[in-house]
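An overview of the molecular structure
For reference, the chains in residue letters:
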Amino acid sequence: MSVSTAAIDPSVCAPLPVLGQDVTVPLVTGGEVTYAALDYAASAPALQRVWDDVAAYAPYYGSVHRGAGYLSQLSTDLFENSRRTVAEFLGCRAEDQVVFTRSTTDSLNLLAAAIPADCQVFVYETEHHASLLPWRNAQVTYLNAPRTPGQAVETLERALADRDPYGPALVCVTGASNVTGELWPVRELAAAAHAHGARIVLDAAQLAPHHPVDIAELDVDWVAFSGHKLYAPFGSGVLAGRADWLRAAEPYLAGGGASRKVARRADGGVDVDWHTTAARHEAGSPNVIGVHSIASACRALTEAGFDNLVAREQELVSRVREGLAEVPEVQVLSLFGDDAPRVGVISFVVRGWNSSHFAAALSAEYGIGVRDGLFCAHPLVRTLLGSDPQDPGKCGAPEAEPGELPQPSAGGTPSSLRSLNAIRVSFGAGTPDEHIDRFLRAVTELVREGARWKYRTEDGRCVPDRGEAAQV
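Calculation rules
- Every chain is numbered independently, its residues counted from 1 as its sequence is written.
- It should be noted that, the model being predicted, local features are given only for residues of pLDDT at least 70 and side-chain atom pairs only at 80 or more, the latter also being counted only at that level, while totals for whole chains, interfaces and linings use all residues.
- Calculation of side-chain values draws on the structure's entire complement of heavy atoms; hydrogens and water are dropped beforehand.
- UniProt positions are given in the numbering used here, feature names are shortened, and annotations may be inferred rather than shown by experiment.
- Only DSSP runs of H or I covering at least 4 residues are called helices, and only runs of E covering at least 2 are called strands; the numbering of each starts at the N terminus.
- Under the scheme applied here, a residue whose accessible area is under 20% of the maximum for its type counts as buried, over 50% as exposed, and between as partly exposed, the area being computed with a 1.4 Å probe on protein chains only.
- Throughout, the Shrake-Rupley method with a 1.4 Å probe supplies accessible areas, and for residues the shown protein chains are the sole cover considered.
- Note: two strands are recorded as paired if DSSP finds a minimum of 2 bridges between them.
- Here, axes are lines fitted to C-alpha atoms. For helices the fit covers the stretch in contact, and angles between N-to-C directions go from 0 to 180 degrees.
- The contact definition used throughout considers only heavy atoms, calling two residues in contact when any of these lie within 4.5 Å.
- Patches here: salt-bridge-free residues with over 30% relative accessible area, like charges joined within 9 Å, nonpolar side chains (Val, Leu, Ile, Met, Phe, Trp, Tyr) joined within 5 Å.
- What makes a salt bridge here is a side-chain nitrogen of Lys or Arg within 4 Å of a carboxyl oxygen of Asp or Glu, nothing more.
- The span expected for a helix works out to 1.5 Å for each residue beyond the first.
- Angles are sorted into four bins: roughly parallel if under 35 degrees, roughly antiparallel if over 145, roughly perpendicular if 65 to 115, and oblique for all others.
- Crossing handedness: left-handed means the near helix sits turned counterclockwise from the far one by under a right angle, and right-handed means the same turn made clockwise.
- Think of it as three bins: nonpolar holds Ala, Val, Leu, Ile, Met, Phe, Trp, Tyr, Cys and Pro, charged holds Asp, Glu, Lys and Arg, and polar takes everything else, Gly as well.
- We define the nonpolar core as a collection of buried residues of types Ala, Val, Leu, Ile, Met, Phe, Trp, Tyr and Cys that are connected through side-chain atoms lying within 4.5 Å of one another.
- Domain delimitation follows an automatic or database domain assignment.

- Going by the annotation in an unreviewed UniProt entry, the name recorded for the protein is Aminotransferase class V-fold PLP-dependent enzyme, with Streptomyces globisporus given as the source organism.
- The UniProt entry for the protein carries this comment under Cofactor (unreviewed entry): "pyridoxal 5'-phosphate".

Structure (structure tokens):
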């Protein structure tokens, strides 16, 4: 998969309006500043278009699939039309199903519950925990982190060649890393999987908000993503793809909506006839507003012109990488190298700084929200940092005695505070240029001049010290 910006002028695509773009936050040094939301990889701000669509529908909210009243019928039509919108957005094939879930994690756990009992699963150690951990009832082969896209394909081909050729197999792979933002060779991996009789599921949580995803073009069997990363809040997600394993599996949740007919038997038991459509795995009252918000976001991104959105984001990626490269103390993390195509997700460490301390200073002194930690991808971040997989690292700031974090110095970070985690900056369709400029200026100032405030560890987090004489 590649990112092309040829013949596209990024200047013709302004940032899309998002909620929160005018929110101000207090600075520990005094005054307020407009908040710079640069943690899109965790949860992207809602598009204003999505919020407006939800607000317009809210008075008409009603039960889905269960009512004869006007609002129920209207809500049912909206729910099913949303399914069609998502299918079009993903380029689904005619026979594919779109199942609505709570999140990417929920989608992949649903698929894990639906795979055949003797299925072999192949997953890279570089995956987010949402795609690394659900396969608890399968025979799992964990693949080492590749250092080039070609090596990723070769590693998979070798592993598949050694498997039992007669049983079912599934490959799980990310489309864009939630740590480095790098794009994976999804089409080539799908071809390798299918050549060896395996199926493939694409974790598109970080890909779908930044880059078009076409199931048929990529030739993947399933795609999973979350609404809250696609500028659509309200706790909704999608699993889209082949229907056969989903139809054959027991319902993910047993209850109303998943069943077509339930009858008592003469022996006192119950016979159930389950749906064979997507409803089979959508038991209970569905999240209609969440589903509507996903469909609204899909339409908004399509109508804005995904090519222009990609081009502008690539311009921001280049600016961030070039700006960080001017600070020698900053090390950007990468699997595939500097030339690898990537989306707006960049992780780095700063020599002489604990990552949690640096992120706290960005927030408290500059009003910039980034993320620090292991990003629910512990094996990958440890591989990139060169730390021992057995290190008891965890998200958040490490403990220090007597509770205050030492200030960074030219001599480096004390051994007790050597970073086992990293800092992640992420952005997207709603990011204004000023947020990027402020971030790069803040990184430079913090490295050159140090923090202007003292910080301490509190409940596992690095926070400004509110005591007297806390200012440096």
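**Description of the overall build of the protein**
- The number of helices and strands found in the protein is 13 helices and 19 strands.
- The 472 residues of the protein split such that 54% are buried.
- Carbon and sulfur atoms make up 49% of the accessible area of the protein, which amounts to about 20000 Å² in all.

**Topic: the sheet that holds strand β4 (residues 97-101)**
- One open sheet accounts for seven strands, arranged β4-β10-β9-β8-β7-β5-β6; its pairing is mixed. Bordering the open sheet on either side are β4 and β6 (139-143), each of which pairs with just one other strand. Within the sheet, the average angular offset between the axes of one strand and its neighbour, ignoring direction, is 20 degrees.
- When strand β7 (residues 169-174) meets strand β8 (residues 199-203), the two strands line up parallel, connected through five bridges. Bridge pairing in β8 places Val 173 opposite Leu 202.
- Docked against the sheet, helix α5 (residues 149-161) engages β5 (120-124), β6 and β7, running at close to 160 degrees with respect to β5.
- Where helix α6 (residues 186-195) meets the sheet, its contacts fall on β5, β7 and β8, and the angle it forms with β8 comes to roughly 155 degrees.

**Focus on a nonpolar patch on the surface**
- The grouping of Tyr 60, Tyr 70 and Leu 71 at the surface amounts to a nonpolar patch, some 340 Å² of accessible area in total.
- If you trace the backbone, Tyr 70 turns up in helix α2 (residues 70-89).

**Some points on the pattern of salt bridges**
- Taken as a whole and assessed by the stated rule, the structure comprises 24 salt bridges.
- Note that Glu 80 is salt-bridged to Arg 83, the shortest N-O span being 2.9 Å. Of this pair, Glu 80 and Arg 83 are both found in helix α2, three residues apart, which corresponds to roughly one turn of the helix.
- The exposure class assigned to Glu 80 is partly exposed, which follows from its relative accessible area of 22%.
- Arg 83 sits in the buried class, given a relative accessible area of 12%.

**Looking at α5**
- Over its 13 residues, α5 extends 19 Å from the first C-alpha to the last, a length consistent with the 18 Å expected when each residue adds 1.5 Å.
- Where the residues of α5 are buried, they touch β5, β6, β7 and α6.

**Concerning the packing of α5 against α6**
- Interaxial distance between α5 and α6 falls to 10 Å at its minimum, and their mutual angle equals 15 degrees. Our classification of the angle between α5 and α6 gives roughly parallel. As α5 packs across α6, the resulting crossing turns out to be right-handed. Contacts between α5 and α6 involve Ala 152, Val 153, Leu 156, Glu 157 and Leu 160 from the former and Glu 188, Leu 189, Ala 192 and Ala 193 from the latter.
- Considered class by class, the residues forming the contact of α5 with α6 number seven nonpolar, no polar and two charged.

**Concerning the environment of Gly 323**
- By secondary structure assignment, the location of Gly 323 is in helix α10 (residues 306-325).
- In this structure Gly 323 comes out as buried when scored by relative accessible area, which is 16%.
- Expressed as a C-alpha distance, the spacing of Gly 323 and Thr 444, which sit 121 residues apart in the sequence, is 8.8 Å.

**Things to note about the packing of helix α1 (residues 48-57) against helix α9 (residues 288-304)**
- Interaxial distance between α1 and α9 falls to 9 Å at its minimum, and their mutual angle equals 140 degrees. In terms of axis orientation, α1 runs oblique to α9. The element α1 and its partner α9 pack so that their crossing is right-handed. Note on element contacts: α9 touches α1 through Val 288, Ile 289, His 292, Ser 293, Ser 296, Ala 297, Arg 299, Ala 300 and Glu 303, opposite Arg 49, Val 50, Asp 53, Val 54 and Tyr 57.
- Of the residues that constitute the contact of α1 with α9, the class distribution is seven nonpolar, three polar and four charged.

**Structural notes on the nonpolar core**
- Grouped together as the largest cluster of nonpolar side chains are 83 residues, with contacts concentrated most on Leu 90 and Phe 225.
- Looking at this core element by element, the count peaks at seven residues for α9.
- Residue contributions to this core reach at least three from each of two domains, namely domain 1 (24-41 + 305-397 + 418-464) and domain 2 (50-303).
- In this structure Leu 90 touches Val 213, Asp 214, Ile 215, Val 223, Phe 225, Val 238 and Ala 240, once residues within four positions along its chain are discounted.
- Core analysis: the next-biggest nonpolar cluster, separate from the first, contains 36 residues, Val 28, Ala 360, Ile 368 and Trp 453 among them.

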